[in-house]
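# A closer look at the structure
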Amino acid sequence: MKILVVTSYPAGAEPRAVRNALAVRRAFPKAEIVFVDRAAHGVNTSAPLTLADARVVRATLAFPTLKSAPLRRLLSAAITEAARWRYRTTGKVSEGVFGPTAVGLLRNIAHHRPDMVVAHTIQALPAALSYCRRTAAPLIFDVFEYYSEMGDSQRPIESAATKRLERDGYRDIELLLATSDELADVLYREYEAKNVLVSLNVPPLEAAPKHRAHEGLRLYWRNSQVALSQRGLRDALEALPNTPANVELFIQGRPSDDIDEIQRIAAHLGVAERVHILPAFSVGDAVQAASSYDIGLCLEQPGPRNHELTISNKFFDYHMAGLAVISSDMPSLATALGITGGGMIYRAGSPRDLARAICALHADRARLDGYRTAARRFAETRGNLELELDRVSSAILTAATIRSSA
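Residues numbered from 1 in each chain as written. Predicted model: local features only at pLDDT ≥ 70, side-chain atom pairs only at ≥ 80, totals over all residues. Heavy atoms only, no water.

Secondary structure summary: the protein contains 16 helices and 13 strands in total. A compact globule built from 406 residues should have a C-alpha radius of gyration of about 22 Å, and the protein, at 22 Å, falls within 12% of that. Taken along the three principal axes of its C-alpha coordinates, the protein extends 60 × 45 × 40 Å. For the protein, the proportion of its 406 residues judged to be buried stands at 56%. Contacts in the protein between residues far apart in sequence, at least 24 positions, make up 68% of those at least 6 positions apart. Accessible surface computed for the protein: about 17,200 Å², of which carbon and sulfur atoms make up 53%. Separation between the mean location of the 49 positive side-chain charges and that of the 44 negative ones in the protein comes to 5 Å. (Helix = DSSP H or I, 4+ residues; strand = E, 2+ residues; numbered from the N terminus. Rg over C-alpha atoms; globule rule 2.2 N^0.38 Å. Buried < 20%, exposed > 50% of the residue type's maximum accessible area, 1.4 Å probe, protein only. Contact = heavy atoms within 4.5 Å. Areas by Shrake-Rupley, 256 points an atom, 1.4 Å probe, with all protein chains shown as cover. Lys, Arg positive; Asp, Glu negative; His and termini not counted. Charge placed at Lys NZ, Arg CZ, Asp CG, Glu CD.)

And the structure:
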């Protein structure tokens, strides 16, 4: 048996795709497993060692850039525009609609001729669906995000094409992996999905970090990119002046054009010396990077449905690192925090309410320590990769078995 795990990201950029490969290995110990990822042409992107340890073969598919291969990049852009024109005129969703990182995936999947496909990211879904419908191979798809409503970073045509792809494709897929109970419910109700497993974005189990006692509070906000986006950083900045002077905010992620504006806002609010922008962290160091702080912030804002229905990696990284969590009142986050007992909820978009929560924990260290203890306990007893791999591998094995016996 040959199984393909395919993603439009580099292997080192998204731990969930690698985890899918590890779950497949656990479900099918004798299978040939190939991990197909995408990376910019000419860029050496290292893969997590766990792939090799699990005897998973990595086959990186390079996509051209204007710097590395300008002619191929222009051709890829032309294919993308043609696919989008076709979608506008016929409603047909093909891989090119989702940009250059999707172009060529169908040809690559067909080249490997897998008996089963596990797809990660919406860019990989059109190719995976096309191949599996033609060959009757089982398809597992990771609904890592609510892809059709991602927010301010998503183009309207991509949102519309994704919505159509979700409605036309989800009901035909053997198993969907969702990131929250709220998202799973939507997949059943709105998309007629037949089999959904809630698979949390949890990290590997790590030793409990040693926290250094200090008088103030160290707040930690993390994102893939440091930006004034719908991830709520502005709430944290505007809350800070209404907290004690020994409360500091530490911000981490890749830099963006918003850095100067963030520093200008901090200076205008009189808290510049209390705001610290840190260099980006690597995926494998996320828990360790968080462990130096007291409170992890999950400040997603209303608007994009994705923020209401999903739970990001950082929520569970904070728990593993033994941080208390202050979260916005998005439905999925509020539900999860109610289960873990690891922190407090504030009203999204209200810096004053966020400041209230921060001040409450600043004044009551026993309460803060209680949240930290509960967060770490959840990580040890439920929110860790080893336990999650067992659940995912069992569901994948069941879905594939049902399909093969049908």
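If you look at the biggest cluster of nonpolar residues, it comprises 71 residues, and the most contacted ones within it are Phe141, Tyr170 and Leu187. Examining the composition of this core, we find that 6 residues originate from one element, helix 5 (residues 125-135), more than from any other. Every residue in contact with Phe141, bar those within four places of it in the chain, is listed here: Ala119, His120, Thr121, Ile122, Leu125, Tyr147, Tyr170, Ile173, Leu175, Leu176 and Leu177. Core analysis: the next-biggest nonpolar cluster, separate from the first, contains 33 residues, Leu217, Leu237, Leu354 and Leu368 among them. (Core = buried A, V, L, I, M, F, W, Y, C linked by side-chain atoms within 4.5 Å.)

We now examine helix 1 (residues 15-27). Over its 13 residues, helix 1 runs 18 Å from end to end, which matches the ideal 18 Å to within 8%, given 1.5 Å per residue. Burial runs high along helix 1: 11 of the 13 residues are buried. (Expected span 1.5 Å × (residues − 1).)

This part covers the side chain of Arg19. Its location among the elements puts Arg19 in helix 1. Lacking a salt bridge, the buried Arg19 has Glu388 as its closest oppositely charged neighbour, with an N-O distance of 4.9 Å. Once residues within four sequence positions are removed from consideration, Arg19 is found in contact with Ser199, Leu200, Asn201, Val202, Leu385, Glu388, Leu389 and Val392. (Salt bridge = Lys/Arg side-chain N within 4 Å of Asp/Glu carboxyl O.)

The next subject is the sheet that holds strand 12 (residues 324-328). Reading across from one edge, 10-9-8-11-12-13 is the order of the 6 strands in this open sheet, with parallel pairing throughout. In this open sheet, the two strands that pair with only one neighbour each are strand 10 (275-278) and strand 13 (343-346). Across this sheet, the average inter-strand angle for adjacent strands is 25 degrees, counted without regard to direction. Relative to the sheet, helix 14 (residues 351-363) contacts strand 8 (217-225), strand 9 (247-254), strand 11 (295-298), strand 12 and strand 13, its axis offset from that of strand 13 by approximately 155 degrees. (Pairing = 2+ DSSP bridges. Axes fitted to C-alpha atoms, helices over the stretch in contact; angles between N-to-C directions.)

A few words now on the packing of aromatic side chains. This model, assessed by the stated rule, comprises 9 aromatic pairs. Summarising the aromatic geometry, the rings of Tyr170 and Tyr191 are spaced 5.5 Å apart at their centres and angled 65 degrees between planes, so their arrangement reads as edge-to-face. On the criterion of sequence distance, the pair formed by Tyr170 in the loop between helix 6 (156-169) and strand 6 (175-178) and Tyr191 in helix 7 (residues 181-191) is long-range, its members being 21 residues apart. (Phe/Tyr/Trp six-rings, centres within 6.5 Å; stacked < 30°, edge-to-face > 60°.)

The next point concerns the environment of Leu217. Looking at the element boundaries, Leu217 is found in strand 8. The class for Leu217 is buried, based on a relative accessible area of 0%. Taking the C-alpha atoms as reference, Leu217 lies 9.5 Å from Cys359; in sequence the two are 142 residues apart. Not counting residues up to four positions away in its chain, the partners in contact with Leu217 are Asn246, Val247, Glu248, Asp294, Ile295, Ile358, Leu361, His362, Arg365 and Leu368.

Attention now goes to the environment of Arg134. One can find Arg134 in helix 5. Measuring from C-alpha to C-alpha, the distance between Arg134 and Ala334 comes to 41 Å, with 200 residues separating the pair along the chain.

Keep in mind that these numbers describe shape and distance, not what the molecule does.
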